[in-house]
Amino acid sequence: MEHPRINAMFIVSHDESIPPMRLRFVEIDGASHFLAKDIAEYAGLQPEEDGDFRSTLAALGVPFVDSKVHDRGKTFGPVTLIAEHDARRLRAEAATKQNER
């Protein structure tokens, strides 16, 4: 069985007080899905005891899927993935909170 392959993008702000952001994503059926861990950490969400964010995402009404993924010759997971539009919404909410400080 072939699992989706991880791609990554890095965002570096011109404001040095903002740390660089790494966003890992996979494509499933032509749509981008981001690793929830990356988005949730950036959004300031608290992980559960097992280091996952499933309950937190469910409480926020963010749908997710679990999938094994492939990266650099290795398959691991399952990892929690969220759709691009949900990832965008969580990033925007985090940016708004950051600007309010």
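Reference entry: report on the structure contained in this document. Every value quoted in this text rests on a predicted model; they were computed, and no experiment measured them.

**Some points on the sheet that holds strand 2 (residues 21–28)**
Sheet architecture is open: five strands sit in the order 1-2-3-5-4, paired in antiparallel fashion. Two strands close off the open sheet at either side, each with one partner strand: strand 1 (7–11) and strand 4 (65–71). Going across the sheet, the axis of each strand differs from the next one's by a mean of 50°, ignoring polarity. Bridge count between strand 1 and strand 2: five bridges; the pairing is antiparallel. Among the inter-strand pairings, phenylalanine 10 is bridged to a residue of strand 2, identified as arginine 22. Strands in contact with helix 3 (residues 84–100) are strand 2, strand 3 (31–35) and strand 5 (74–83); relative to strand 5, the strand with the most contacts, it is inclined by about 70°.

**Observations concerning the pattern of salt bridges**
Applying the stated criterion across every chain yields a total of five salt bridges. Across the pair aspartate 66 and arginine 54 runs a salt bridge, and its minimum N-O distance is 3.1 Å. Here aspartate 66 is found in strand 4, whereas its partner arginine 54 is found in helix 2 (residues 54–59), with twelve residues between them in sequence. The exposure class assigned to arginine 54 is partly exposed, which follows from its relative accessible area of 22%. Among the ionic contacts, a cluster of salt bridges with common partners joins Asp52, Arg54 and Asp66.

Quick notes on the rules
- Residues numbered from 1 in each chain as written.
- Predicted model: local features only at pLDDT ≥ 70, side-chain atom pairs only at ≥ 80, totals over all residues.
- Heavy atoms only, no water.
- Pairing = 2+ DSSP bridges.
- Helix = DSSP H or I, 4+ residues; strand = E, 2+ residues; numbered from the N terminus.
- Axes fitted to C-alpha atoms, helices over the stretch in contact; angles between N-to-C directions.
- Contact = heavy atoms within 4.5 Å.
- Salt bridge = Lys/Arg side-chain N within 4 Å of Asp/Glu carboxyl O.
- Buried < 20%, exposed > 50% of the residue type's maximum accessible area, 1.4 Å probe, protein only.

Note that every value here comes from positions in space, so none of it alone points to a role or purpose.
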